[in-house]
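If you want the building blocks of each chain, they are given just below.
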Amino acid sequence: MSGRLTGLFNNLKNHLTYSSIWVALALACVYKLVSFTTNDTSFNNFLVCFGIGFIGYNYIYWSVYFISSSNLQYERYLWMRKNKVTMLIVTGLISFATITFIIHSQLYLNLKFIIFALLSLFYILPIKKEFGLRWIPSIKIFIICTSWTLLCLSLIDPPLDHPFTPLIIWLFIFAITLPFDIRDLYSDRLNLKTIPQVIGTKSSIKLAQLCLLLSVIAYTIIKPNTLIASTIFALAGMTALEKVKRNKTQAYINFYIEGLPILWFILIYVSNMI
């Protein structure tokens, strides 16, 4: 029975990660963490943040699938080939709904959103040659952190009460993104000069833990009522990052590390209900 449950869980995990639902949900939860510091209670913005994340990451992975599928993890490639028609239809529908909302709300006029859109569009260009911001040495992680932060900030209404909130979010995203460079340590070209390539795995994990801890402490100063939830999250997050030393697999990092924003959101949401 336990083996069957494990199989079902792993199957669900693959569907969530390979479809980019998980990373889109993580991005939407980062937005909610920001919105908790303001009076922004818009559920529509949560949905549009999810939609943009879903579109963006599927754009990246399907571009690779159709142009250079050999660069994909084999299990992901098999999943995408099996679910190609369904995913293209779902992505098309979500794209239509999200773009309609962006046009209707005139979000495209927001400068932060414009910069986010340009960074996302040029991150990877759908051509056979490795061309895009992702291939510029040393800046990949900074583009990801900056684009995620800009998207979340562009959706916040009213304006932020605390000017250092963007830095908190940026540090948090940096902390959970760095393990992905550790995951790709041996597949990334050496001239990319990612942080793990420069300072090593152990130092990168310590840096990620430091950034996560700083972001949680600063967030708790802004929202003191999240102290218990954020403390529990900090312990869980530090432990999850520590385990990257022994488990650098895509299965672990793509689900458990990517899911940290979801965990933090759930803990704060539940604590507010109690």
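Residues numbered from 1 in each chain as written. Predicted model: local features only at pLDDT ≥ 70, side-chain atom pairs only at ≥ 80, totals over all residues. Heavy atoms only, no water.

Colleague: So what about the overall build of the chain? Which residues, and what values?
Modeller: When you go through the chain residue by residue, the secondary structure sums to 13 helices and zero strands. Taken over C-alpha atoms, the radius of gyration comes to 18 Å for the chain, in line with the 19 Å a tight globule of 274 residues would show. Once the C-alpha set of the chain is aligned to its principal axes, its extents read approximately 50 × 45 × 45 Å. Burial statistics for the chain: of 274 residues in total, 47% are counted as buried. Taking all contacts inside the chain whose residues are at least 6 apart in sequence as the whole, residues at least 24 apart take part in 73%. (Helix = DSSP H or I, 4+ residues; strand = E, 2+ residues; numbered from the N terminus. Rg over C-alpha atoms; globule rule 2.2 N^0.38 Å. Buried < 20%, exposed > 50% of the residue type's maximum accessible area, 1.4 Å probe, protein only. Contact = heavy atoms within 4.5 Å.)

Colleague: So what's going on with the nonpolar core? Which residues, and what values?
Modeller: L151, F172, F174, L212, I257 and W264 are the most contacted members of the largest nonpolar core, which has 82 residues in total. Residue contributions to this core peak at 12 residues, all from helix α8 (residues 165-183). Ignoring any residue separated from it by four or fewer positions in sequence, one finds I257 in contact with I176, P179, F180, A240, L241, V244 and Y252. (Core = buried A, V, L, I, M, F, W, Y, C linked by side-chain atoms within 4.5 Å.)

Colleague: Residue-level account of the environment of I55, with values.
Modeller: Tracing the chain through its elements places I55 in helix α3 (residues 43-68). I55 sits in the partly exposed class, given a relative accessible area of 23%. The spatial distance from the C-alpha of I55 to the C-alpha of I94 is 7.5 Å, given a sequence separation of 39 residues. Sequence-distant contacts of I55, that is, excluding residues within four places in its chain, are made with I94, S95 and T98.

Colleague: I'd like a rundown of the packing of α8 against helix α12 (residues 250-257), residues and numbers included.
Modeller: α12 packs onto α8 with a crossing angle of 170° between their chain directions and a minimal axis gap of 10 Å. The angle between the axes of α8 and α12 places the two elements in the roughly antiparallel class. Seen from α8, the contacting residues are I176, P179, F180 and R183; seen from α12, they are Q250, I253, N254 and I257. Within the contact of α8 with α12, the residues separate by chemical class into five nonpolar, two polar and one charged. (Axes fitted to C-alpha atoms, helices over the stretch in contact; angles between N-to-C directions. Parallel < 35°, antiparallel > 145°, perpendicular 65-115°, else oblique. Nonpolar A, V, L, I, M, F, W, Y, C, P; charged D, E, K, R; others polar.)

Colleague: Residues and numbers for the pattern of salt bridges, please.
Modeller: Enumeration over the complete set of coordinates arrives at five salt bridges. With a closest N to O distance of 3.2 Å, D188 and R134 form a salt bridge. Taken together, the positions of D188 in the loop between α8 and α9 (195-199) and R134 in the loop between α6 (111-121) and α7 (140-155) put the pair 54 residues apart, joining distant regions of the chain. Look at D188 and you get buried, because its relative accessible area is 8%. Close ionic contact of K140 with D188 constitutes a salt bridge, the shortest N to O distance being 3.4 Å. Note that K140 is positioned in helix α7 and D188 in the loop between α8 and α9, a separation of 48 residues in sequence. For K140, a relative accessible area of 8% translates into the label buried. (Salt bridge = Lys/Arg side-chain N within 4 Å of Asp/Glu carboxyl O.)

Colleague: Can you lay out unusual backbone geometry for me, pointing to particular residues and giving the numbers?
Modeller: Positive phi, normally seen in glycine, also occurs at S138, with a value near 80°. Following the sequence through the fold, S138 ends up in the loop between α6 and α7. Residue classification places S138 among the partly exposed residues on the basis of a relative accessible area of 36%.

Colleague: Just give me the short version of the state of the cysteines, but keep the residues and values in it.
Modeller: Applying the stated criterion across every chain yields a total of zero disulfides. Of the cysteine sulfurs around C29, a residue in no disulfide, the closest is that of C49, at 9.2 Å. With no disulfide partner, C49 has as its closest neighbouring cysteine sulfur the one in C152, 4.7 Å distant. Assessed through its relative accessible area of 0%, C49 is described here as buried. (Disulfide = S-S within 2.5 Å.)

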